[in-house]
Each structure stands twice: as structure tokens, then as C-alpha cells.
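Structural features, examined
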Amino acid sequence: MTAPILRRLCDLRAKTAEWRRKGETIGLVPTMGALHAGHMSLVEAAKAACDRVIVTIFVNPRQFNNPEDLANYPRTENEDAEKLAPYGVDLIYVPDPDQIYPDGYATNVSVGGSITAVMEGPFRPGHFDGVATVVAKLFLQTSADKAFFGQKDYQQLMVVTRMARDLDIPIEVIGCETVRESSGLAMSSRNLRLSEEALTKAAALNAAMREAAAKASAGESWAPLEAAARQTLAEAGFGDVEYFDLRCSETLEALDTPSRPARLLAAAWMDGIRLIDNIAVSKLNS
Ligand code: PAF
């Protein structure tokens, strides 16, 4: 059976109040729809950890720095509700736009510091403000105890964790493993917009990342590894590689070797679609 879809905040609050009265815990999976197996893994994690699970679907205009990307973002509400049916989600919140940004809305949540100063921050101006603002609203509207995010958007996970801590929102933010296609390509709603051929070529991103990560783990320094990966990606048919960085997992400071827990994070364009991915990198024998 498909879960009930609520579109108004008052209806959502009535439901969560009922659950709270019974002492039930609430898990939140925020999404922009076009659900895939990556989202379903978040739903499963939420189901395992909480009595009730809310999935939200809201294509948040404030986090799109590119109007074309917003216009082309897949909107598949009926299919999404059907995909969620076997998972026993308690409700799907698809807020009408005025439930998030009512007339006269004037508040922006902006996370500063080193975690937003690099990578997605400069490449997508305003993106993290949009994400932090809508996620703060969804945390408060659902009053969830735990929220589940994919590690694929590693920087986003850091931003929403920081935001919840800084604003004392009583919620635990949980990062879940990236789900991948058998080719290694990280699952993403944007993959829906890739042709079969581009999907095949796109697998080169994760392959190049794994190769560079293995060499960095073995002690090779980053600059030549990054240069070689950029070359490989160009040959595989990628357009602009916006970043291909080795960074500290906690501060996102750039590293030359994985001398502390590190991540390799990359963003690159394939056939007009911007893809991002990241993987953990550790020093061999450490
Ligand atoms: O990762 C996403 O799908 C979105 O950025 C999120 C967290 C649902 C906020 O709109």
C-alpha cells in the first residue's frame, strides 16, 4: 500500500504529535524525489532505527544555482510513491511550495567556515545556503529524532550536521554509505538524464578515483595523481573536471597524502550533466 501523502504543515504536525504522544521515535529521509536504490537504503536505515519514517519530497528552488538544472530536475511523484510502497514508510511529505517558503519569507540559513569555502561552495554559489535553509525547515517541521543522508553528497552531509549542531536542533544526522551501480557509478537522480552511452562512460569517474586513491594510499603525492586522473577523464569523454581533490575528512583541508583520515572528492561534467562522487582514502598499513 502506498503511504499517505501530506502537503500541508498542519497535517504533518497533527500526525507527528499523535506519534509523539505514544512515545514513538521519528526518522526523516529528506529527498528531492526521482528516488533510486540509494534513497531506499536511507529508508531502510531509518526503518531499522526509528518507530516511524517520513520521506520528504521537495525540489528546493533555493539550492539550484543553475535555472536550467532546476527546470530539468526529474519530477516523478507517483512513481516515487509506488517505489516507497514496499518499504512501509509511514508518510510522504510533499509540501506545497508555500509550506516551505510562504509569502514574505525572508530567512536564510548559511553555514560558514572551511567546510563551505571549497568545492561545491565556490562552484555552486548559494547552493549550500539553499540546502541548509530547507533542511533546517524540514528538521523543524517534522521534529524528527534522526535524519538520514547519503555520503555521496559528503560536503552536504557535513553542512547539515554543522547546521543542526550550531542551531541546537535536537536531531541526530546519520550519513549512510553511497549506493553504486555495478559499474561503480554513484547512484544519483541526475543519472536519469544520461544516455545509455554516457552512463557507460560515466563509470570512468569512480574508476579513476579508485586508482588515484590506491596510489595515494601507497604514498604517492597528490598533484601528479590528480593530473593523471584529469587526463584519463578527458580521454574517457568527460568535459570539465571541476575538482578532483584529496582532503581531510573532517576539515576538508587539501592534503598531499592521506596523513590523516582523508576523502577523495570529485565533480565532473559528462554529456551536460554534473556528476559528483567521493570515497574514503586511508594510508596503507596505518
Ligand atoms: O540531497 C538532496 O536530495 C537535497 O539536497 C536535500 C537534502 C533533500 C535538500 O533539498
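So, a few notes on the structure that sits alongside this text. (Residues numbered from 1 in each chain as written. Predicted model: local features only at pLDDT ≥ 70, side-chain atom pairs only at ≥ 80, totals over all residues. Heavy atoms only, no water.)

Another aspect to go through is the side chain of arginine 247. Here arginine 247 lies in strand E7 (residues 241-248). Its relative accessible area of 11% is what places arginine 247 among the buried residues. Beyond its immediate chain neighbours, meaning those up to four positions away, arginine 247 contacts Val118, Met119, Leu252, Glu253, Ala254, Leu255, Pro261, Ala262, Arg263 and Leu265. (Helix = DSSP H or I, 4+ residues; strand = E, 2+ residues; numbered from the N terminus. Buried < 20%, exposed > 50% of the residue type's maximum accessible area, 1.4 Å probe, protein only. Contact = heavy atoms within 4.5 Å.)

This part takes up the packing of aromatic side chains. In the structure shown here, the tally under the stated rule is six aromatic pairs. With a centroid separation of 6.2 Å and an interplanar angle of 55°, the aromatic rings of phenylalanine 58 and tyrosine 101 are classed as tilted. Taken together, the positions of phenylalanine 58 in the loop between strand E3 (52-57) and helix H3 (67-72) and tyrosine 101 in the loop between helix H5 (97-100) and helix H6 (120-123) put the pair 43 residues apart, joining distant regions of the chain. Exposure remark for phenylalanine 58: the relative accessible area of 9% places this residue in the buried category. You can call tyrosine 101 buried: its relative accessible area is 16%. With 5.5 Å between their ring centres and 75° between their planes, phenylalanine 64 and tyrosine 73 make a pair best called edge-to-face. Note on accessibility: phenylalanine 64 and tyrosine 73 belong to one class, buried. Through a chain of ring-to-ring contacts, the aromatic side chains of Phe58, Tyr101 and Tyr105 assemble into a single cluster. Seen from the ring of tyrosine 101, arginine 62 lies directly overhead, with NZ or CZ sitting 4.7 Å from the centre. (Phe/Tyr/Trp six-rings, centres within 6.5 Å; stacked < 30°, edge-to-face > 60°. Lys NZ or Arg CZ within 6 Å of the ring centre and 35° of its normal.)

Although it is not a glycine, methionine 119 adopts a positive phi angle of roughly 50°. Looking at the element boundaries, methionine 119 is found in the loop between H5 and H6. On the basis of relative accessibility, which here comes to 3%, the residue methionine 119 falls in the buried class. The phi dihedral of aspartate 168 falls on the positive side, at around 55°, and the residue is not glycine.

Here the focus is the sheet that holds strand E9 (residues 273-281). What the three strands build is an open sheet, ordered E7-E8-E9; its pairing is antiparallel. Lying at the two open borders of the sheet, with one neighbouring strand each, are E7 and E9. Across this sheet, the average inter-strand angle for adjacent strands is 10°, counted without regard to direction. Both strand E8 (residues 262-270) and E9 contribute to a ladder of nine bridges, which runs antiparallel. (Pairing = 2+ DSSP bridges. Axes fitted to C-alpha atoms, helices over the stretch in contact; angles between N-to-C directions.)

Pro30, Thr31, Met32, Gln63, Val134, Val135, Phe149 and Gln156 make up every residue found near the ligand. One nitrogen or oxygen atom from the side chain of glutamine 156 is found 2.7 Å from an oxygen atom belonging to the ligand. Bound to the protein, the ligand loses 89% of the 290 Å² it would expose on its own. Taken together, the elements giving at least two residues each to the shell around the ligand come down to strand E2 (26-31) and helix H7 (127-142). Class assignment of the residues belonging to the shell around the ligand gives a composition of five nonpolar, three polar and no charged. (Near = heavy atom within 4 Å. Polar contact = N/O pair within 3.5 Å; in protein donor to acceptor, adjacent residues only side chain to side chain. Areas by Shrake-Rupley, 256 points an atom, 1.4 Å probe, with all protein chains shown as cover. Nonpolar A, V, L, I, M, F, W, Y, C, P; charged D, E, K, R; others polar.)

Turning our attention to the packing of H7 against helix H8 (residues 154-166). Running from N to C, H7 and H8 cross one another at 55°; their axes reach a closest spacing of 10 Å. Taken together, the axis directions place H7 and H8 in an arrangement best described as oblique. Taken as a pair, H7 and H8 cross one another with a handedness that is right-handed. Contact residues: Phe128, Val131, Ala132, Val135, Ala136 and Phe139 in H7; Gln155, Gln156, Val159, Val160, Met163 and Ala164 in H8. In the contact of H7 with H8, the residues fall into 10 nonpolar, two polar and no charged. (Parallel < 35°, antiparallel > 145°, perpendicular 65-115°, else oblique. Left-handed = near helix turned anticlockwise from the far one by under 90°.)

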